[in-house]
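This is what each chain is made of:
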Amino acid sequence: MTTPIPDALAPRWSRFVAVGDSFTEGLWDAPDADGQCRGWADQLAGHLSERRTAAGAEPLAYANLAIRGRLLRPIIVEQLPAALALEPDLVSLIGGGNDVLRPSVDIDRLARELETAVVRLRRAGIDVLLGTGMDSADSPLIRATRGRVGVYNAHIWSIARRHGAHVLDLWGMRSLRDWRMWAPDRIHLTTDGHARVAQAALVGLGLTPDDSAWDDPLAPLLPVPRIRQLRDDARWVRDDVYPWATRRLRGQSSGASRVAKRPELAPVE
């Protein structure tokens, strides 16, 4: 169990690097001043920096190397060395979600690759924040991945225990079972969803959340008429599922030509 850090003390991390895929890149959070999606990792960096400066310490230095569409292996092969070169004391390593969407994925191999990366970071003296997959029980199509995600999550908790890593427990978040937390593509979070995940990340790091109601369920909505639900599902298949399946068949990634949005460490003001 993570030991809570007293609120009066500055978080001990001064250099934070986030690696991963679209989840950590921040799709589809509200854009920042530069037009980039922020996301939970950017918000977490802001919370940590604010607490550091409030305690009289220097602002947090932060980089985000995550790129949408990345599988776990490219995250480890391409982003991890770049992260290590920045000499951080905290790295969030959350990936594998795009792999798990593929029915042919070898979850045990995925876990071995993740553990190798965690060992590499821990041997360098770096604290690691891992993240479980989200519970897709309420999604009519993505629910097919629920068993694979559950096995991968079990690996993640075991890896964290063996190597002293922190865990962002997305599976356990009740608020994420509400579709209002999800963008129209039903895979990425809304601004409110990212904000709640940033609070969950503070909890995973052993810190007190800023908002004690960070995981409270939203007020219930009235039932959606069946015809409207069918229309929404049809739109989702047309606008999101079909393009994604087409890219897969062509071997294309949504982030093939993209670069990291924040490749260098810079103070979070």
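Criteria and thresholds
- Within every chain, residues take consecutive numbers counted from 1 along the sequence as written.
- Note on the predicted model: pLDDT of at least 70 is required for a residue's local features to be given, and 80 or more for side-chain atom pairs to be given and counted; whole-chain, interface and lining totals, by contrast, use all residues.
- Computation of side-chain values: all heavy atoms of the structure, hydrogens and water removed.
- Strands are runs of DSSP state E lasting at least two residues, helices are runs of H or I lasting at least four, and both sets are numbered from the N terminus onward.
- Each residue gets one of three labels from its accessible area relative to the maximum for its type: buried under 20%, exposed over 50%, partly exposed in between, using a 1.4 Å probe on protein chains only.
- Pairs of residues are marked as contacts when any of their non-hydrogen atoms sit within 4.5 Å.
- For every accessible area listed, the method is Shrake-Rupley and the probe measures 1.4 Å; residues are considered covered only by the protein chains on display.
- Here a strand pair is declared whenever DSSP counts at least two bridges between the two strands.
- What counts as an axis is a line fitted to C-alpha atoms, over the stretch in contact for a helix, and the angles between N-to-C directions run from 0 to 180 degrees.
- Polar contacts, as counted here, are pairs of nitrogen or oxygen atoms within 3.5 Å of one another; within protein the pair requires one atom able to donate a hydrogen and one able to accept it, and residues that are adjacent in sequence qualify only if both atoms are side-chain atoms.
- Relative orientations are named as follows: roughly parallel for angles under 35 degrees, roughly antiparallel for angles over 145 degrees, roughly perpendicular for angles from 65 to 115 degrees, and oblique for any other angle.
- Less than a right angle of anticlockwise turn of the near helix away from the far helix marks a crossing as left-handed, whereas a clockwise turn marks it as right-handed.
- Gly is put with the polar residues, along with every residue not named as nonpolar or charged; the nonpolar set is Ala, Val, Leu, Ile, Met, Phe, Trp, Tyr, Cys and Pro, and the charged set is Asp, Glu, Lys and Arg.

**Regarding the overall build of the chain**
What the chain contains, in helices and strands, is eight helices and six strands. The linear arrangement of helices and strands in the chain, starting from the amino end, is β-α-α-β-α-β-α-α-β-α-β-α-α-β. Taking all 269 residues of the chain together, 48% fall into the buried category. If you take every contact in the chain between residues at least 6 apart in sequence, the share linking residues at least 24 apart comes to 76%. Within the structure as shown, the chain displays about 13400 Å² of accessible surface, and the carbon and sulfur contribution to it stands at 55%.

**Some points on the sheet that holds strand β1 (residues 15–20)**
Read from one edge of the open sheet, six strands run β5-β4-β3-β1-β2-β6, paired in mixed fashion. Edge positions in the open sheet fall to β5 (166–168) and β6 (262–267), since each of these has one partner strand only. Direction aside, the axes of adjacent strands within the sheet are offset by 20° on average. Here β1 pairs with strand β3 (residues 90–94) via five bridges, running parallel.

**What to know about the environment of D127**
Within the element layout of this structure, D127 appears in strand β4 (residues 127–131). For the pair D127 and A165, spaced 38 residues apart in sequence, the C-alpha separation works out to 6.5 Å. In this structure D127 touches R12, W13, D89, L90, V91 and R122, once residues within four positions along its chain are discounted.

**Topic: the environment of L44**
Inspection of the secondary structure puts L44 in helix α2 (residues 40–54). What makes L44 buried here is its relative accessible area of 0%. When the C-alpha positions of L44 and H194 are compared, they lie 9.7 Å apart, and in sequence the two are 150 residues distant. Setting aside chain neighbours within four positions, we find L44 in contact with F16, L129, A198, A201, L202 and L205.

**A closer look at unusual backbone geometry**
Here the phi dihedral of E87 falls at roughly 55°; this positive angle occurs in a residue that is not glycine. Following the sequence through the fold, E87 ends up in the loop between α3 (72–85) and β3.

**Focus: the side chain of S136**
Within the fold, S136 resides in the loop between β4 and α6 (146–163). Within polar-contact distance, the side chain of S136 engages the backbone oxygen of I142 at 3.3 Å. When neighbours within four sequence positions are excluded, S136 is seen to be in contact with I142, R143, T145 and R146.

**Looking at the packing of helix α5 (residues 107–123) against α6**
It is at 10 Å that the axes of α5 and α6 come closest, and there the two elements cross at 25°. As summarised for this structure, α5 and α6 are arranged roughly parallel, according to the angle between their axes. The element α5 and its partner α6 pack so that their crossing is right-handed. Where α5 approaches α6, its residues I107, D108, L110, A111, L114, E115, V118, V119 and R122 are matched on the opposing element by R148, V151, Y152, H155, I156, I159, R162 and H163. Classifying every residue of the contact of α5 with α6 by side-chain character gives ten nonpolar, two polar and five charged.

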